[in-house]
Amino acid sequence: MKKSRAVVAMVAIALVFAIGAMAGRTAIAAGPPTVNLGTAAFYSVLAGTPAVTNTGATTIDRDVGIHPATSVTGFPPGIVGGTIHAGDAVALQAKSDLTAAYLVAASAPVTATHATLGGQTLVGGVYNSGIATLDLTGTLTLDGQNDPSSVWIFQAQSDLTTASTSSVVFVNGGSPCNVFWQVTSSASLGSGSAFVGTILALTSITLANGVTVQGRALARNGDVTLINDTFITSNCTPLSVVIPPVLIPPTRPPFTVAPSATPAVAPTATPIGTAAPTVAPTATPGAAPTAAPSAAVAGVQTLPSTSTDEQLSPLLVLAIALAGLGILMLLRRPIRN
């Protein structure tokens, strides 16, 4: 009888461990999802009307766009590392994607309410300003908790205002690519400030002199005004030219080259929007006609894995082992009449 009770207790403990382990795995996966920017991700600056206006030596490393207006002034002396899309179909699509992203960010469930961000240390979550202006004076610290996929969404119910020399910094990991500022009205960044993330503003965005933005300034309806500012967007975006991927049905086996096949590049292998291949048909057979799957290809955005497979935690492995041992002991125990 005592032995039977011990076995039952062992199984019960194993179940408790299993439940705790599964709960821990669920907690790790909690948090807001990132905001899909669509083609708007290719832009450092995007506006609606009347203009994108720059004064001085602003440096932008990705595209500048505007729609439905067409006025983009101040480049040069400003420098645009990407392409300027003024009132064209490409800008129109980006504006449509911006609207969709804005609505997603605005509807995210709120974690907490903070109108004043200076001096705060915030983990990934959704933070709403309430009825007040979302204000940053001093330093806002974003704690990634050693999770590179942590996401922060800030919802400004009216304006977003940052003071001169204010800053946003990370501790314990975190990425500017996963910080989003949904602004119901307009955003204004103070001179010399260091800002992080993508601004999704309903109206306009104004940057004072000497602002550094690790992210984007995307305005749905209004203008974007710049003065000697710097945008670092390239860490989160591919090049302007998008090479559409070749979709292979999942039921088809991977393509292999037959031993007798000529290693010439097939005419249909040329991606859209790229130059014709320069590999001659007489290329050395040992040379691969295409880049290795792990190589970086210019113009292709490398997306994070969407796999949900995770390694089993040690706690869960222990629980499974204990449960199995307990069941075996119960099965081997002789049945008494």
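Nothing here was measured: the structure is a model prediction, and the numbers come from that model. (Residues numbered from 1 in each chain as written. Predicted model: local features only at pLDDT ≥ 70, side-chain atom pairs only at ≥ 80, totals over all residues. Heavy atoms only, no water.)

1. Description of the overall build of the protein
Secondary structure summary: the protein contains three helices and 22 strands in total. Accessible area for the protein stands at about 18,400 Å²; split by element, carbon and sulfur atoms hold 64% of it. (Helix = DSSP H or I, 4+ residues; strand = E, 2+ residues; numbered from the N terminus. Areas by Shrake-Rupley, 256 points an atom, 1.4 Å probe, with all protein chains shown as cover.)

2. Observations regarding the environment of Val 110
By secondary structure assignment, the location of Val 110 is in the loop between helix H2 (89-106) and strand S8 (112-113). Classification of Val 110 by relative accessible area gives partly exposed; the value is 44%. It is 9.2 Å that separates the C-alpha atoms of Val 110 and Phe 154, two residues lying 44 residues apart in sequence. When residues no more than four places from it in sequence are discounted, the contact partners of Val 110 are Val 126, Asn 128 and Gln 155. (Buried < 20%, exposed > 50% of the residue type's maximum accessible area, 1.4 Å probe, protein only. Contact = heavy atoms within 4.5 Å.)

3. Re the confidence of the model for the protein
Regions with low pLDDT carry predicted coordinates that are not meant to be interpreted in detail. Residues with a pLDDT of 70 or more make up 61% of the protein, whose mean pLDDT is 77. Scored below 50 in pLDDT, residues 11-30 shows 21 contacts in the model against residues more than four places distant or in partner chains. Under a pLDDT of 50 for its full length, residues 240-312 has, in the predicted model, 38 contacts with residues more than four places off or in other chains. (pLDDT = per-residue confidence, 0-100.)

4. Structural notes on the sheet that holds strand S5 (residues 71-73)
As summarised here, the arrangement of the seven strands in space is S5-S2-S21-S19-S17-S14-S11, forming an open sheet in which the pairing is parallel. Every interior strand has two partners, whereas the edge strands, S5 and strand S11 (134-136), have only one. Pairs of neighbouring strands in the sheet enclose a mean axial angle of 10 degrees, with direction left out of account. (Pairing = 2+ DSSP bridges. Axes fitted to C-alpha atoms, helices over the stretch in contact; angles between N-to-C directions.)

5. Overview of the pairing of strand S10 (residues 125-128)
Side chains of S10 alternate between two faces, with Gly 125 and Tyr 127 and Val 126 and Asn 128 buried alike. Relative to S10, S8 is paired through two bridges, and the arrangement is parallel. Bridged to Ala 112 within S10 is Tyr 127. When S10 meets strand S13 (residues 152-156), the two strands line up parallel, connected through four bridges. Within S13, the residue paired with Val 126 across the bridge is Ile 153.

6. So, the packing of aromatic side chains
Tallied over the entire structure, the rule returns four aromatic pairs. An aromatic cluster is defined as three or more aromatic residues linked by ring pairs; in this entry it consists of Tyr 127, Phe 154, Trp 181 and Phe 195. Cation over ring: Arg 220 sits above Tyr 102, and NZ or CZ is 4.8 Å from the ring centre. (Phe/Tyr/Trp six-rings, centres within 6.5 Å; stacked < 30°, edge-to-face > 60°. Lys NZ or Arg CZ within 6 Å of the ring centre and 35° of its normal.)

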